[in-house]
Amino acid sequence: MFELDPQASALSLRGTMTLLTEYSWFLPLVVVLIVAGLYLLWACFLDPLRNVPGPLAARVTPFWLTLQCRLFRRSTSIHELHQKYGDVVRIGPNNISVVSKGCLQQVYGSNSGTSKGPFYDVFRPQVPIIFSARDNFFHARRRKDLTPAFTKSALRGFEPYMSTQILNLKYALTRKVEAGGGVAFLNFAPWANYLAFDVIANFVFGESFGFIDAGYDFHNLISTIDLRMQCLNALGTVPGWARPLMKWMPFDGFWRQNLTTTMNLQALARTSTEARKQQSGVDRDDMLSFLIKAKQENGMPLPHESIIAEAASFVSGGSDSTSTTLTHFVDFVSRRPDAMRRLQDELDAAFSGTQPLDWVPSEEIVGNLPFLTALLKETMRLRPTSAAGLERITGKEMKIGEYVLPRGVLVSVPTYTLHRREDVFPNPDQFIPERWLAGDSAAMTASWAPFSYGTRSCLGKHFAWMELSKAVAMLFKEFDVVRASEAETVLQEGFFMKGSECNVILIKRGQMRQSGS
Ligand code: HEM
């Protein structure tokens, strides 16, 4: 029989007391070890997600995902996980990424029972807005109020205003080319930004910001939005309790710098909204007029602060997304002379003869050009601007493949990986616009979701498509565009996946072939 030696136990008790009193770190260490041990036991034997494969770091801490965002490589890291582990992988202790067949309907479909997850709380201003609303009822109501601004007839009404901005860009680029004796060397990325910001400001406030005319990012508005979105994208993956602490993070100025930057955009949205509200007689179906007309559930108009918040959110969401896609398009096509010629032949056939100086292609024609459409689709497949999985939280049990996810699990479909499914898109890493023209593209279309899917999919999809097709048609009809550097484009992912530059040589059409170069 084991007998307790009173002298030995007194000694060990005294030893422990000495450790506790002389080494103040001992007790916290013991507590941490016990908690960690219990957590590991739970993770190994009781966690309902324990069978979903993934790296250990992602299984035990949400900060693995934060780190990938901070390193601007969330989508590529998750893509590597899918290549290693399969269609369903764990990207956080309570976070699953899925690219299996039918996943779009399961995660984002109207019967999915999901809603937006806590990631979106960081994008919520003082008042709820359509983009970040997590309450499905609020969202449905707001979406109903805003949808009239995006109907076919509303967009047709807006087209002349959009054309004015595209014409402005055409004049600005033409001036540059003429100043260079028929050739201009420029980074196209900021010009795509100027266009997109001027178009969206015109749509939202009835007046452009004037970026194209200025030719630079005055007030650093564009760069501030960009940096802040990068930071919020990473912050959204941090658990709620730790978010306020991030701006005190030592050794990494990224958080402090970007979280304390005040948004010039809020101030600008306030001024523009107030100015627009004064113009009661203005007869324009811009976004603000719909926001002003919208009613809450109780029949009252939307509060002033909600109108400003929605307006600001539309400017940031509807500009960078479009300009990044436009830049990717130019990046791809300027590297492929054969694709550029084919596009130009298509445009020359559609708009034959000499066009007037103020010519801008109409949506009615460019919307039906097969090769232009194929180029846009392939650009958005290979470089979806919104490349990351858009977080949803399960509202009921969800069966994904062999796994059953309980209620309250974060789940997303990474667009970057979905668009690279080899069984749907052969040679997935290559830019092959022709794949969209060869026969039945139904399977590809079902796995193509740059605007997301379901009730929370992009409200501005047709708006963006109109802007993109008109802008690229103008650009390639007027100019030959040649990539200035052969080096591979360096991509960096904040909230959007962007190239670091898009340096091109613009040549007035006709000159390159005449000179035989
Ligand atoms: C190429 C350009 C664009 C792309 C790739 C794009 C992509 C997306 C995606 C992926 C979402 C879903 C976001 C999520 O679930 O978190 C979204 C939502 C949204 N987009 Fe776009 N977008 C583009 C342009 C625009 C434009 C030009 C506007 C406005 C004029 C706009 C307005 C919105 C709105 C309001 C939502 C929120 C919809 C809701 O929650 O009901 N987008 N967009």
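Residues numbered from 1 in each chain as written. Predicted model: local features only at pLDDT ≥ 70, side-chain atom pairs only at ≥ 80, totals over all residues. Heavy atoms only, no water.

- For the protein chain, an unreviewed UniProt entry supplies the name Cytochrome P450 and the organism Hypoxylon rubiginosum.

### Topic: the coordination of the iron atom of the ligand
1) Next: Protein coordination of the iron atom of the ligand rests on one atom only, Cys458 (SG), at 2.3 Å.
2) Next: Considering the arrangement of structural elements, one finds cysteine 458 in the loop between helix 20 (442-446) and helix 21 (461-478). (Donors = N, O, S within 2.8 Å, 3.2 Å for Na, K, Ca; no water. Helix = DSSP H or I, 4+ residues; strand = E, 2+ residues; numbered from the N terminus.)

### A short note on the environment of alanine 140
1) Next: Along the polypeptide, alanine 140 turns up in helix 7 (residues 136-146).
2) Next: Given the relative accessible area of 44%, alanine 140 is considered partly exposed.
3) Next: Here the alpha-carbon distance between alanine 140 and phenylalanine 26, two residues 114 residues apart in the chain, equals 54 Å. (Buried < 20%, exposed > 50% of the residue type's maximum accessible area, 1.4 Å probe, protein only.)

### Observations regarding the sheet that holds strand 12 (residues 503-508)
1) Next: On the basis of which strands lie adjacent, the open sheet formed by 3 strands has the order 4-12-9 and antiparallel pairing. Of all strands in the sheet, those with a lone pairing partner are strand 4 (183-187) and strand 9 (479-483), marking the two edges. The mean angle between the axes of side-by-side strands here comes to 25°, regardless of whether they run parallel or antiparallel.
2) Next: Sheet contacts for helix 15 (residues 304-334): strand 9 and strand 12; angle to strand 9, the most-contacted strand, approximately 80°. (Pairing = 2+ DSSP bridges. Axes fitted to C-alpha atoms, helices over the stretch in contact; angles between N-to-C directions. Contact = heavy atoms within 4.5 Å.)

### Quick look at a nonpolar patch on the surface
1) Next: On the surface, Ile34, Leu38, Leu41, Trp42, Phe45 and Leu46 cluster together into a nonpolar patch covering about 670 Å² of accessible area.
2) Next: Mapped onto the fold, phenylalanine 45 is located in helix 2 (residues 26-45). (Patch = residues over 30% accessible without salt bridge, like charges linked within 9 Å, V, L, I, M, F, W, Y side chains within 5 Å. Areas by Shrake-Rupley, 256 points an atom, 1.4 Å probe, with all protein chains shown as cover. Salt bridge = Lys/Arg side-chain N within 4 Å of Asp/Glu carboxyl O.)

### Observations regarding the site of the ligand
1) Next: Within the structure, the ligand sits among 28 residues, and Tyr120, His139, Arg143, Arg392 and Cys458 are positioned closest to it.
2) Next: In this structure, an oxygen atom belonging to the ligand sits 2.7 Å away from a side-chain N or O atom of arginine 143.
3) Next: If you list the elements that add at least two residues to the shell around the ligand, you get helix 7, helix 15 and helix 21.
4) Next: Partitioned by chemical class, the residues of the shell around the ligand number 15 nonpolar, 9 polar and 4 charged. (Near = heavy atom within 4 Å. Polar contact = N/O pair within 3.5 Å; in protein donor to acceptor, adjacent residues only side chain to side chain. Nonpolar A, V, L, I, M, F, W, Y, C, P; charged D, E, K, R; others polar.)

### So, the packing of aromatic side chains
1) Next: Tallied over the entire structure, the rule returns 29 aromatic pairs.
2) Next: Plain terms: the ring middles of phenylalanine 119 and phenylalanine 123 are 5.5 Å apart, the flat faces sit at 45° to each other, and that makes the pair tilted.
3) Next: On the accessibility criterion, phenylalanine 119 (7% relative accessible area) is buried.
4) Next: Of the aromatic side chains, those joined through ring pairs into one cluster are Trp191, Tyr194, Phe197, Phe205, Phe209, Phe211, Tyr216 and Phe218.
5) Next: The residue whose ring lies beneath lysine 116 is phenylalanine 131, and the NZ or CZ to ring-centre distance is 4.4 Å. (Phe/Tyr/Trp six-rings, centres within 6.5 Å; stacked < 30°, edge-to-face > 60°. Lys NZ or Arg CZ within 6 Å of the ring centre and 35° of its normal.)

### Examining the sheet that holds strand 8 (residues 410-412)
1) Next: With mixed pairing, the 5 strands of this open sheet are ordered in space as 1-2-8-5-3. With one partner strand each, in any of the chains shown, strand 1 (88-92) and strand 3 (114-116) form the two edges of the open sheet. Strand-to-strand twist across the sheet, computed as the mean angle between neighbouring axes with direction ignored, equals 35°.
2) Next: When strand 2 (residues 95-98) meets strand 8, the two strands line up parallel, connected through 3 bridges. Considered in strand 8, the bridge of asparagine 95 is made with leucine 410.

### What to know about the pattern of salt bridges
Any two side chains of opposite charge can pair if their charged atoms end up close together.
1) Next: For the structure shown, the criterion picks out 24 salt bridges.
2) Next: Between aspartate 423 and arginine 421 there is a salt bridge whose closest N-O contact spans 2.5 Å.
3) Next: Bridged by salt links that share partners, the residues Asp331, Arg335, Arg383, Arg483 and Glu501 form one connected network.

### Considerations on the nonpolar core
1) Next: Counting 130 residues, the largest nonpolar core has Phe188 and Phe476 as the members making the most contacts within it.
2) Next: Counting 7 residues, the second-largest nonpolar core is a separate cluster that includes Ala58, Trp64, Leu65 and Leu81. (Core = buried A, V, L, I, M, F, W, Y, C linked by side-chain atoms within 4.5 Å.)

### So, helix 11 (residues 221-235)
1) Next: When the terminal C-alpha atoms of helix 11 are compared, their 21 Å separation across 15 residues agrees well with the 21 Å that a helix rising 1.5 Å per residue should span.
2) Next: Where burial is concerned, most of helix 11 is hidden: 12 out of the 15 residues are buried.
3) Next: For helix 11, the set of buried residues is Leu221, Ile222, Thr224, Ile225, Arg228, Met229, Gln230, Cys231, Leu232, Asn233, Ala234 and Leu235. (Expected span 1.5 Å × (residues − 1).)

### Topic: the packing of helix 15 against helix 18 (residues 370-382)
1) Next: Viewed as axis vectors pointing N to C, helix 15 and helix 18 meet at an angle of 110°, and their least axial separation amounts to 9 Å. Classified by the angle between their axes, helix 15 and helix 18 sit roughly perpendicular to one another. Side by side, helix 15 and helix 18 meet where Thr325, His328, Phe329, Phe332 and Val333 of the first sit next to Leu372, Leu375, Leu376, Thr379, Met380 and Leu382 of the second.
2) Next: The residue makeup of the contact of helix 15 with helix 18, split by class, is 8 nonpolar, 3 polar and no charged. (Parallel < 35°, antiparallel > 145°, perpendicular 65-115°, else oblique.)

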